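Descriptive analysis of the structure
Each chain, letter by letter, is given below.
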Amino acid sequence: MKKKLKIAIISKLWEETTPDSRGGTGSSIGYLVNGLVDKGHQVTLFATGDSKTKAQKLISVRKTYYKNDYSEVHEYQNIAEAFRRAKDFDIIHCAVEQKSVIFADLVKTPSIHSIRYGEFFEQERQLLKKYKHLNYVGISKSLKKLLPFLNWREIIYNGLDSSNFIQQRNSGDYLLFLARLSPQKGVDIAIKLAKKLKMKLVLAGKISEADRDFLDKKVFPFIDGKQIIYQGEVLGKKKKELLSNAFCLIQPNRIIEAFGNTFLEAMASGVPIVAYDQGAIRELVVNGKTGYVVKDFNEMLKALKLIRNIKKEDCLERAKKFFSLEKMINSYEDLYYKIIGENKK
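Below is a summary of the structure that appears in this document. Not measured: the values here are computed from a predicted model. Sequence order sets the numbering: in each chain, residues are counted from 1 along the sequence as written. The predicted nature of this model means local features are confined to residues of pLDDT at least 70 and side-chain atom pairs, given and counted, to a pLDDT of 80 or more, with totals for whole chains, interfaces and linings taken over all residues. As a rule here, side-chain values cover all heavy atoms of the structure and leave hydrogens and water aside.

Describing the environment of Gly-23
Helical segments are the DSSP runs of H or I of at least four residues, strand segments are the runs of E of at least two, and each set is numbered from the N terminus. Note that Gly-23 resides in the loop between strand 1 (6-10) and helix 1 (24-38). The buried label applies to any residue whose accessible area, calculated with a 1.4 Å probe on protein chains only, is under 20% of its type's maximum; exposed applies above 50%, and partly exposed to all values in between. Judged by its relative accessible area of 11%, Gly-23 is buried. In sequence terms Gly-23 and Ala-179 are 156 residues apart; their C-alpha atoms lie 9.6 Å from each other.

Details of the sheet that holds strand 1
Read from one edge to the other, the open sheet built from seven strands follows the order 3-2-1-4-5-6-7, with strand pairing classed as parallel. Bordering the open sheet on either side are strand 3 (57-59) and strand 7 (152-155), each of which pairs with just one other strand. Averaged over all pairs of adjacent strands, the angle between strand axes in this sheet comes to 20°, irrespective of strand direction. Two residues qualify as a contact provided that any one of their heavy atoms is within 4.5 Å of a heavy atom in the partner residue. As a rule, the C-alpha atoms of each element are fitted with a line to give its axis, helices using only the stretch in contact, and angles between N-to-C directions run from 0 to 180 degrees. Against the sheet, helix 2 (residues 72-84) touches strand 1, strand 2 (42-46), strand 3, strand 4 (91-94) and strand 5 (111-115), its axis set at about 170° to strand 1. By this definition, two strands are paired if DSSP reports at least two bridges between them.

Points about the layout of surface pockets
Gaps left between atoms are located by rolling a probe of water-molecule size over the structure's atoms. For the second largest pocket, the calculated volume is near 200 Å³. In this analysis a 1.4 Å probe is tested at points of a 1 Å grid over the protein atoms alone, and where it fits but cannot get out there is a cavity; an open set with protein on both sides within 12 Å along at least five of seven lines is a pocket; lining residues have an atom within 4 Å of a point. Lining the second largest pocket are 14 residues, and of these Pro-110, Ser-111, Leu-134, Asn-135 and Asn-343 lie nearest its centre. Element by element, the count of residues in the lining of the second largest pocket is highest for helix 13 (residues 325-344), at three residues. Grid points are joined across faces, edges and corners, and a volume is the space filled by probe spheres set on the points.

Concerning the packing of aromatic side chains
Pairs were defined over the aromatic rings of Phe, Tyr and Trp, the Trp ring being its six-membered one, requiring ring centres within 6.5 Å. Orientation was assigned from the angle between planes: stacked under 30 degrees, edge-to-face over 60, tilted for the rest. Under the definition given, this model contains twelve aromatic pairs. Taking the centre distance of 6.2 Å and the plane angle of 85° together, the rings of Phe-46 and Phe-89 count as edge-to-face. With Phe-46 in strand 2 and Phe-89 in the loop between helix 2 and strand 4, the pair connects residues that are 43 residues apart, well separated along the chain. Taken together through their ring pairs, the aromatic side chains of Trp-14, Tyr-66 and Tyr-70 make up a single cluster. Two conditions define a charge located above a ring, namely a distance within 6 Å from the ring centre to NZ of Lys or CZ of Arg, and an angle within 35 degrees of the ring normal. The positively charged end of Lys-67 is found above the aromatic ring belonging to Tyr-65, 5.1 Å away from the centroid. Taking NZ or CZ as reference, Lys-240 lies 5.2 Å from the ring centre of Phe-165, over its face.

Dropping the structure here:
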């Protein structure tokens with residue numbers, strides 16, 4: 001029997017870390033922490049103080065996630081707190097993109113670095129190239145193509161528990177946009193689609209003051225509470241109900257999508273997806289079976305007219321088979337043992 005591990009996991013400060021987090025990393029890492037603890041491992045989580053997991057210890061440098069603020073000091077302090085205790089752990093799992101790599105060679109404890117984002121500045125790319133020898137894990141194959149020079153140890157898809165989601169027998173009557181209301185996520189395109197199709201559109205997601213000018217011109221004038229409805233940021237049971245009653249999830253992204261937990265949540269709810277062909281979308285959505293992957297506005301219009309051809313059971317089956325929680329947790333556990341074993345040689 002393999003020995004139980006002492007694991008440090010460093011999560012992002014952009015959201016609380018918990019399975020029902022408002023952010024993809026917070027949710028996936030929350031699930032991972034709980035799964036590892038259930039397997040008997042000892043986990044110390046470095047995250048915001050409002051994080052809720054089964055971790056035996058939570059170490060925080062700030063009480064809550066960023067709310068229209070950002071602290072570079074807190075970012076690096078959060079990472080340093082874990083590496084300062086490196087001798088206490090068998091492995092350190094960093095889920096903070098490139099920020100953790102500068103610490104890795106300063107300690108003997110092995111580490112892995114999760115890449116969970118698809119947009120990097122040139123200085124960030126150069127930093128990753130300098131530390132390309134470290135152990136990297138990606139959440140999609142598209143990231144491997146984006147950063148081919150890294151020492152990729154594994155691609156591990158995010159997972160979720162489909163039994164926690166609600167599946168309705170009949171399709172709903174509204175399009176659902178479930179993401180940050182920003183130009184990058186294409187919320188203005190979603191509104192244009194709804195207007196063109198004369199369909200109800202529900203917008204659900206956080207807003208940022210940085211996007212205020214865009215929202216004032218392209219989004220807020222169209223929200224009427226009847227055809228275009230803004231629900232604010234939705235979490236937990238409310239989000240699951242909103243998903244289960246949707247006709248379709250639409251995601252007209254203008255940027256590379258590293259993964260997209262909302263796609264898994266939609267499939268687990270038996271809801272099809274129509275999304276722009278960005279990043280990992282084709283790894284998640286089976287074109288013509290669980291939704292449609294499109295190139296532009298006109299293709300999205302056509303796809304939405306065909307969406308009734310998609311079977312709810314096919315969406316749910318894909319979530320269960322390829323993106324299960326068990327598969328994600330076991331894959332990380334196997335990788336931990338593998339890297340720890342190599343480090344002892």
